[in-house]
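Here is what each chain is made of, one letter per residue.
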Amino acid sequence: MPLPKIDMPLYELTLPSNNKKVKYRPFTVKEEKILLTAQQSKESGQIVIAIKQIINNCLQDYDIDQLSLFDLEYLMINIRSKSVDNNVEFEIEDPETAEKVKLLLNLENVKVHIDETHTNRIKVDDTYTLFLRYPNIDDFSEILAKNEMSLEKSYEILLSCIDQLASENEVYKFKDFTKKQVDDFIDSLHSDVTKNIKHFFDTMPKVRHEIPYTNANGHSKVFTIQGTQSFFM
């Protein structure tokens, strides 16, 4: 007689990018081993692959490729919180005293911070509006793996995030056009439009948390952590 299959609890979470509710389960021992192996390798590329695999396994009825990078980070933090422990202990070096400081992070306190001026709608003129999409982990995988951002890669991500151009009567999907056609369109834009596109990226929602502490000199300090990898220190 085979061993029984253990049912896993399901939890619900609202995605920060679109306010859609999704369900997820905690990761299993097998998936925890995948994450630990990636962490021990200390290679960003391996950690990215592990995170994608774990979320793809744990997320219910939702396409992982539709997740923005900050959605994915937020999900991973919540999955980790429900799977292992919501408290993460780690050590940092204080920049003023060079002392080792132990800090405690409660993952349940980690939120996505959204700039009030942020918008994915860019007015081109009185007729047309650009709609931008958020980059996903595949857009950033090469950067995360190499820990660098080239001008060429930045432009590729920008192009991939320009989703639609719309008026009251027409909708143009940029995926239906060649790279040269899109390049020519971008080159024809007014500088104010490109500034607003840059503002979209600069103010994009971020998974971010600050932990206050006092160093050996009695000075109040704040340690800021941001992004998925930082929450598994």
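What counts, and where the lines are drawn
- Residues numbered from 1 in each chain as written.
- Predicted model: local features only at pLDDT ≥ 70, side-chain atom pairs only at ≥ 80, totals over all residues.
- Heavy atoms only, no water.
- Helix = DSSP H or I, 4+ residues; strand = E, 2+ residues; numbered from the N terminus.
- Buried < 20%, exposed > 50% of the residue type's maximum accessible area, 1.4 Å probe, protein only.
- Areas by Shrake-Rupley, 256 points an atom, 1.4 Å probe, with all protein chains shown as cover.
- Lys, Arg positive; Asp, Glu negative; His and termini not counted.
- Charge placed at Lys NZ, Arg CZ, Asp CG, Glu CD.
- Axes fitted to C-alpha atoms, helices over the stretch in contact; angles between N-to-C directions.
- Parallel < 35°, antiparallel > 145°, perpendicular 65-115°, else oblique.
- Contact = heavy atoms within 4.5 Å.
- Nonpolar A, V, L, I, M, F, W, Y, C, P; charged D, E, K, R; others polar.
- Polar contact = N/O pair within 3.5 Å; in protein donor to acceptor, adjacent residues only side chain to side chain.
- Phe/Tyr/Trp six-rings, centres within 6.5 Å; stacked < 30°, edge-to-face > 60°.
- Lys NZ or Arg CZ within 6 Å of the ring centre and 35° of its normal.
- Expected span 1.5 Å × (residues − 1).
- Arc of directions from axis to C-beta.
- Salt bridge = Lys/Arg side-chain N within 4 Å of Asp/Glu carboxyl O.
- Pairing = 2+ DSSP bridges.

Engineer: Please explain the overall build of the chain as it appears in this structure.
Structural biologist: Broken down by element type, the chain carries seven helices and 12 strands. Along the first, second and third principal axes, the C-alpha atoms of the chain reach 65 × 55 × 30 Å. Counting only residues that meet the buried cut, the chain has 37% of its 233 residues in that class. A total of about 14500 Å² of accessible surface is found on the chain, and carbon and sulfur atoms cover 48% of it. Positive and negative side-chain charges of the chain, numbering 28 and 38 respectively, have mean locations separated by a distance of 4 Å.

Engineer: Explain the packing of helix H2 (residues 44-58) against helix H3 (residues 69-83) to me, please; I cannot follow it from the model alone.
Structural biologist: Helix-helix packing is described using two parameters, namely the angle between the two axes and the distance between the axes. Interaxial distance between H2 and H3 falls to 11 Å at its minimum, and their mutual angle equals 70°. The pairing of H2 with H3 is recorded here as roughly perpendicular in orientation. Residues Ile51, Ile54, Ile55 and Cys58 of H2 pack against Leu72, Leu75, Met76 and Ile79 of H3. The class makeup of the residues in the contact of H2 with H3 is eight nonpolar, no polar and no charged.

Engineer: Looking at this structure, how should I read the side chain of asparagine 136?
Structural biologist: If you trace the backbone, asparagine 136 turns up in the loop between strand S8 (129-132) and helix H4 (137-146). Take asparagine 136: its relative accessible area is 12%, and that puts it in the buried class. Among the polar contacts made by the side chain of asparagine 136, one reaches the main-chain carbonyl oxygen of aspartate 65 at a distance of 3.3 Å. Among residues more than four places away in sequence, those in contact with asparagine 136 are Asp65, Leu67, Ser68 and Leu69.

Engineer: Got a minute to help me understand the packing of aromatic side chains in this structure?
Structural biologist: What describes a pair of aromatic rings is the distance from one ring centre to the other and the angle between the planes of the rings. Tallied over the full model, the rule gives eight aromatic pairs. On the basis of an interplanar angle of 50° and a centroid distance of 5.8 Å, the ring pair of phenylalanine 90 and phenylalanine 223 is categorised as tilted. With phenylalanine 90 in strand S4 (residues 87-93) and phenylalanine 223 in strand S12 (residues 220-226), this pair connects stretches of sequence that are 133 residues apart. Summarising the aromatic geometry, the rings of tyrosine 134 and phenylalanine 200 are spaced 5.4 Å apart at their centres and angled 20° between planes, so their arrangement reads as stacked. Of this pair, tyrosine 134 sits in the loop between S8 and H4 while phenylalanine 200 sits in helix H7 (residues 191-202), and the two are 66 residues apart along the sequence. A relative accessible area of 0% means that phenylalanine 200 is categorised as buried. One aromatic cluster in this structure is built from Phe70, Tyr134, Phe200 and Phe201. Over the ring of tyrosine 11 we find lysine 82, and its NZ or CZ is 5.3 Å from the ring centre.

Engineer: I tried to follow H2 on my own but got confused; where do I start?
Structural biologist: Spacing of three or four residues puts side chains on the same side of an α-helix, whose turn is 3.6 residues. Given a rise of 1.5 Å per residue, 15 residues ought to cover 21 Å, and the 21 Å separating the end C-alpha atoms of H2 matches this to within 8%. Looking at H2, one finds that the buried residues are Ser44, Ile47, Val48, Ala50, Ile51, Ile54, Ile55 and Cys58. Buried residues of H2, seen end-on, are gathered within an arc of 165° and therefore sit on one face of the element.

Engineer: It is not clear to me how the side chain of aspartate 94 should be interpreted in this structure. Could you clarify?
Structural biologist: Assignment of secondary structure puts aspartate 94 in the loop between S4 and strand S5 (100-106). An unpaired buried charge is present at aspartate 94: no salt bridge exists, and lysine 221, the closest side chain of opposite charge, is 5.1 Å distant. Reaching out from aspartate 94, the side chain makes a polar contact with the backbone nitrogen of glutamate 96 at a distance of 3.1 Å. Polar contacts involving the side chain of aspartate 94 include one to the side chain of tyrosine 213, which spans 2.6 Å.

Engineer: Honestly, the pattern of salt bridges in this entry has me stumped. Any pointers?
Structural biologist: If the charged atoms of two oppositely charged side chains come close together, the side chains can form a pair. Scanning all chains against the criterion turns up nine salt bridges. For lysine 100, the salt bridge identified is with glutamate 93, shortest N-O distance 3.6 Å. The class for lysine 100 is exposed, based on a relative accessible area of 54%. For glutamate 93, a relative accessible area of 48% translates into the label partly exposed.

Engineer: Which parts of the structure should I look at to understand the environment of aspartate 183?
Structural biologist: Residue position: aspartate 183 is located in helix H6 (residues 179-187). For the pair formed by aspartate 183 and asparagine 196, sequence separation is 13 residues and the distance between their alpha carbons is 17 Å. Ignoring any residue separated from it by four or fewer positions in sequence, one finds aspartate 183 in contact with Tyr155 and Leu159.

Engineer: Explanation requested: the sheet that holds strand S6 (residues 111-113) in the structure shown.
Structural biologist: What links the strands of a sheet is backbone hydrogen bonding, and the strands pair in either a parallel or an antiparallel sense. Strands sit in the order S6-S11-S12 across an open sheet of three strands; the sheet is antiparallel. Each of the sheet's edge strands pairs with one partner strand only, and the pair in question is S6 and S12. On average, each strand axis in the sheet is inclined to that of its neighbour by 50°, with strand direction left out of account. Lying over the sheet, H3 contacts S6 and strand S11 (206-214), oriented at roughly 55° with respect to S11.

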